[in-house]
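Notes for the structure review
Each chain, written out:
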Amino acid sequence: MKRVFLYSCLMLMSLMGHAQLDVDVDNSNKSEKASEDAKGTNKIFNKAKDFVDKKWVKNVDTLYIQNPKQVWRVSLDSYLSQSDLEMKSTIDGSVLYSDVVGALKCHPRIRTDVSTSIGVRVGYKGLAAHYAFNVAGDKGRDLSVSSSGTWYCVHFRLHEFKTKEPQVKYEGNFINYEGSPEWQSFSDRWKLDSPIKAKTVVLDGYYIFNKRRFSYKAAYRQSVIQKRSAGSWLAGAMFYYSDFRFDNDVNADLIMSMGDVGRIKQWQANVGAGYGYNFVPAKGWLISAMAMPMVTLYNHVKTYQYDSNLRELAIDEEEHDDDELLPEDYRITKVGSESHNSRISLNFNARLSLTYNWSRYFVNLNGQFYNFRYHHKDHRGNLNDWYANATIGVRL
């Protein structure tokens, strides 16, 4: 009996050993797989890090450009920005308005209030990401991401805003008190029940010819420090997209004044050349300016047309009271869209920056100005978009 019990114990221990061995092998395989996955992830991260490191310090003259020991940056930003869109449309005013003879020129100008936003920017060497939201002025948000090396800089910006009070200018022959047509020009602020929604996307990049002594990121990213004055010729490219829409039922009157257009999209591709200069008046200080004329090689415009019960009422042969329909009774219907490639045009891009560095800290003031145009049949547009940014940050 003792022998049976002893044999049973030995067999149980042997089975437990085999089971433990299987568990250990299984756990070992899982650990090895997890280790391999971690190594793969680290390998990708290290390659990206090495790429950024090489682009950050490659081929620079250290008498002109200093690479700080701290590679991380955190800053608080305060933005002032404004978008100014002027649209021009020519319509047959006599069809829609009883007091107009012939053509009527309508010039809605969508100029947002100067908006104030606050945000945070985080950067690692030549990389940076920024997000801000409005605290005053028209509602909106601003998001930007950038990457810069010794010889290049790429910047992406998304800007969204809304406005309810465009300034509209009218020009045409209006019937005066004597019953005869008279040329008149006047402006009025149009209060909308539904806001005009605007979105602009800008992706621009620059090639720096004097990469050894001139640093773009010293002026606009503070990832390096410009120690001596230097300038450089620049080659640039810019892609632009905008979407302005007011295709809401209550905006039927504005749509009618815009020749039945309720939404405008635009795509642009620009190339150009310019010059940038970094001026160092004293230790820690940097004043930078850049100007670049750009040629629009691709300019595509798409407009969306809408009919409405307000327009049907206006062109009806019977006479109606102007107050027969209230804005809440307006109804619009999409009837189609048109696309057009505009001719080659000239745009302009300019930047200005002031920076002061001390110890691990820095303050910066910078601004940028964009100008874009479009032309499609009787519709023209001109967008001026600018911002000014104040930053205080620390290198970590």
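Each value, and the rule that gives it
- Residues numbered from 1 in each chain as written.
- Predicted model: local features only at pLDDT ≥ 70, side-chain atom pairs only at ≥ 80, totals over all residues.
- Heavy atoms only, no water.
- Helix = DSSP H or I, 4+ residues; strand = E, 2+ residues; numbered from the N terminus.
- Buried < 20%, exposed > 50% of the residue type's maximum accessible area, 1.4 Å probe, protein only.
- Phe/Tyr/Trp six-rings, centres within 6.5 Å; stacked < 30°, edge-to-face > 60°.
- Lys NZ or Arg CZ within 6 Å of the ring centre and 35° of its normal.
- Patch = residues over 30% accessible without salt bridge, like charges linked within 9 Å, V, L, I, M, F, W, Y side chains within 5 Å.
- Areas by Shrake-Rupley, 256 points an atom, 1.4 Å probe, with all protein chains shown as cover.
- Salt bridge = Lys/Arg side-chain N within 4 Å of Asp/Glu carboxyl O.
- pLDDT = per-residue confidence, 0-100.
- Polar contact = N/O pair within 3.5 Å; in protein donor to acceptor, adjacent residues only side chain to side chain.
- Contact = heavy atoms within 4.5 Å.
- Lys, Arg positive; Asp, Glu negative; His and termini not counted.
- Charge placed at Lys NZ, Arg CZ, Asp CG, Glu CD.
- Pairing = 2+ DSSP bridges.

Looking at where Asn-389 falls in the secondary structure, it is placed in strand 18 (residues 379-395). Judged by relative accessible area, Asn-389 falls into the buried class, the value being 4%.

So, on to the packing of aromatic side chains. Tallied over the entire structure, the rule returns 12 aromatic pairs. An aromatic cluster of at least three residues, connected via ring pairs, comprises Trp-151, Tyr-152, Tyr-207 and Phe-209. Above the plane of the ring of Tyr-220 lies Arg-351, whose end atom (NZ or CZ) is 5.3 Å from the centre.

Quick look at a nonpolar patch on the surface now. On the surface, Tyr-207, Phe-209, Trp-233, Tyr-275, Tyr-277, Phe-279, Trp-285, Ile-287, Leu-352, Leu-354 and Leu-365 cluster together to form a nonpolar patch covering roughly 1,100 Å² of accessible area. If you tally residues by element for the nonpolar patch, the top one is strand 13 (residues 261-279), at three residues. For Trp-285, the position within the fold is in strand 14 (residues 285-308). Accessibility expressed as a relative area gives 37% for Trp-285, which makes it partly exposed.

Time to look at the confidence of the model for the protein chain. Here the protein chain averages 81 in pLDDT, while 80% of its residues score no lower than 70. Confidence, read as mean pLDDT per element, is least for helix 1 (residues 2-57) in the protein chain (51) and greatest for strand 11 (residues 225-226) (96).

On to the side chain of Ser-232. The residue Ser-232 is located in strand 12 (residues 230-245) in this model. Classification of Ser-232 as buried rests on a relative accessible area of 2%. Only 3.3 Å separates the side chain of Ser-232 from the backbone nitrogen of Phe-209, close enough to count as a polar contact. For Ser-232, the residues in contact, after removing those within four places along its chain, are Ile-208, Phe-209, Asn-210, Phe-214, Gly-274, Tyr-275 and Gly-276.

On the surface, a cluster of positive charge is made up of Lys-88, Lys-105, Arg-343 and Arg-380. Considering the arrangement of structural elements, one finds Lys-105 in strand 3 (residues 100-111).

Across 16 bridges, strand 13 lies against strand 14 in antiparallel orientation. By the bridge assignment, Asn-278 is partnered in strand 14 with Ser-288. Between the end of strand 13 and the start of strand 14, which pair antiparallel, lie five residues, with Gly-284 showing a positive phi angle near 90°. Inspection of the sheet shows strand 14 paired to strand 16 (residues 345-358) by 12 bridges, in the antiparallel sense. The residue bridging Met-292 from the neighbouring strand is Asn-349, located in strand 16.

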